[in-house]
Amino acid sequence: MKIDVLTLFPEMFAPLDHSIVGRARTLGQVEMAFTNFRDFSTNKHHKVDDYPYGGGAGMLLTPQPIFDAFDAIDKKRPRVIVTTPTGRRFDQQMAEAWASEEHLIFLCGHYEGFDQRIHDELATDEVSIGDFVMTGGELAAMVMIDATVRLIPEVLGDQASHEDDSFSTGLLEYPHYTRPAEFRGLKVPDVLLSGNHAKIEAWRREQSLLRTYRRRPDLLERIELSKADKKFIES
Ligand SMILES: O[C@H]1NC=Nc2ccccc21
């Protein structure tokens, strides 16, 4: 997969040089390139923003630098994602869809956002990471890139590590424990030490249901619950 990022702050993406995304880039499982669209401004002061028509606070990113930077990218039928508070909410299903794409281009907004012609002509997707407003789209793009790249089949390797992900089952993930079996008097639930895989699986499903019921009941409305699930929740 190739990921292009158009941004005024390429240096903000340093975190993606590390850990799992960094290793995927080193191994060539994903290729990333960063374009500072200020470099494409034809304005003598390299301006990239201007006052909004119709008045109002703040500045808008002008179309010329972004369109020219976009034109300069060697495109392979890309999905073009504009990060914006006015977008659809990013979720695991989007990450899963994007993970099988050949080419992603992220357009990161700043100031008060983009001139609408950038949205209308260049974007295939307008996506937000939540109902809050940040100073710009770079952190949002990094969040989306991280969640997407980890789903590229060869990146994490152990396929099972996706199957129990929160949200991939539609529920929040169950609690996890590792050695020691007791730490400062805090014990690992006996069922996890029992070696009885059927009981362990049942316990994990119940814990996922319980955690989801308590923290994100909205998610329960979206999935098909078995009779056993419903019985447990109502108990
Ligand atoms: O992804 C969005 N979520 C919240 N705030 C934002 C601010 C600028 C760009 C993008 C976003």
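Keep in mind the model is a prediction, meaning the values are calculated, not measured.

Overview of the nonpolar core
In step 1: Counting 28 residues, the largest nonpolar core has I3, W98, F106, I145 and V149 as the members making the most contacts within it.
In step 2: Elements with a contribution of two residues or more to this core: β1 (2-7), α1 (19-26), α3 (92-98), β6 (103-108) and α5 (138-149).
In step 3: Sort the elements by how many residues they give to this core and α5 lands first, with seven residues.
In step 4: Contact partners of I3, with chain neighbours within four places excluded, come to V30, E31, M32, A33, L104, F106, I145 and V149.
In step 5: Counting 17 residues, the second largest nonpolar core, distinct from the first, contains L61, A69, I73 and L107.

Brief notes about α5
In step 1: End to end, α5 covers 16 Å across 12 residues, agreeing with the expected 16 Å (1.5 Å per residue, within 8%).
In step 2: Counting buried positions along α5 gives nine out of 12 residues, so the element sits mostly inside the fold.

Thoughts on helix α2 (residues 63-71)
In step 1: Of the positions making up α2, those classed as buried are P65, I66, A69 and F70. Here the buried residues of α2 occupy an arc of 125° about the axis, which is enough to place them on one side.

Some details on the packing of helix α9 (residues 197-215) against helix α11 (residues 227-234)
In step 1: One way to put it is that α9 packs onto α11 with a least axis distance of 10 Å and a crossing angle of 55°. By the angle class used here, α9 and α11 are oblique. The element α9 and its partner α11 pack so that their crossing is right-handed. Across the interface between the two elements, R205, E206, L209, L210 and Y213 of α9 pack against D229, F232 and I233 of α11.

What to know about the pairing of β1
In step 1: The buried fraction of β1 amounts to six of the six residues, a majority that puts the element mostly inside the structure.
In step 2: Alternating residues of β1 divide into K2, D4 and L6 and I3, V5 and T7, and every residue in both groups is buried.
In step 3: Pairing of β1 with strand β2 (residues 31-36), which is carried by six bridges, proceeds in the parallel orientation. Within β2, the residue paired with D4 across the bridge is A33.

Parameters and conventions
- Residues numbered from 1 in each chain as written.
- Predicted model: local features only at pLDDT ≥ 70, side-chain atom pairs only at ≥ 80, totals over all residues.
- Heavy atoms only, no water.
- Core = buried A, V, L, I, M, F, W, Y, C linked by side-chain atoms within 4.5 Å.
- Buried < 20%, exposed > 50% of the residue type's maximum accessible area, 1.4 Å probe, protein only.
- Helix = DSSP H or I, 4+ residues; strand = E, 2+ residues; numbered from the N terminus.
- Contact = heavy atoms within 4.5 Å.
- Expected span 1.5 Å × (residues − 1).
- Arc of directions from axis to C-beta.
- Axes fitted to C-alpha atoms, helices over the stretch in contact; angles between N-to-C directions.
- Parallel < 35°, antiparallel > 145°, perpendicular 65-115°, else oblique.
- Left-handed = near helix turned anticlockwise from the far one by under 90°.
- Pairing = 2+ DSSP bridges.

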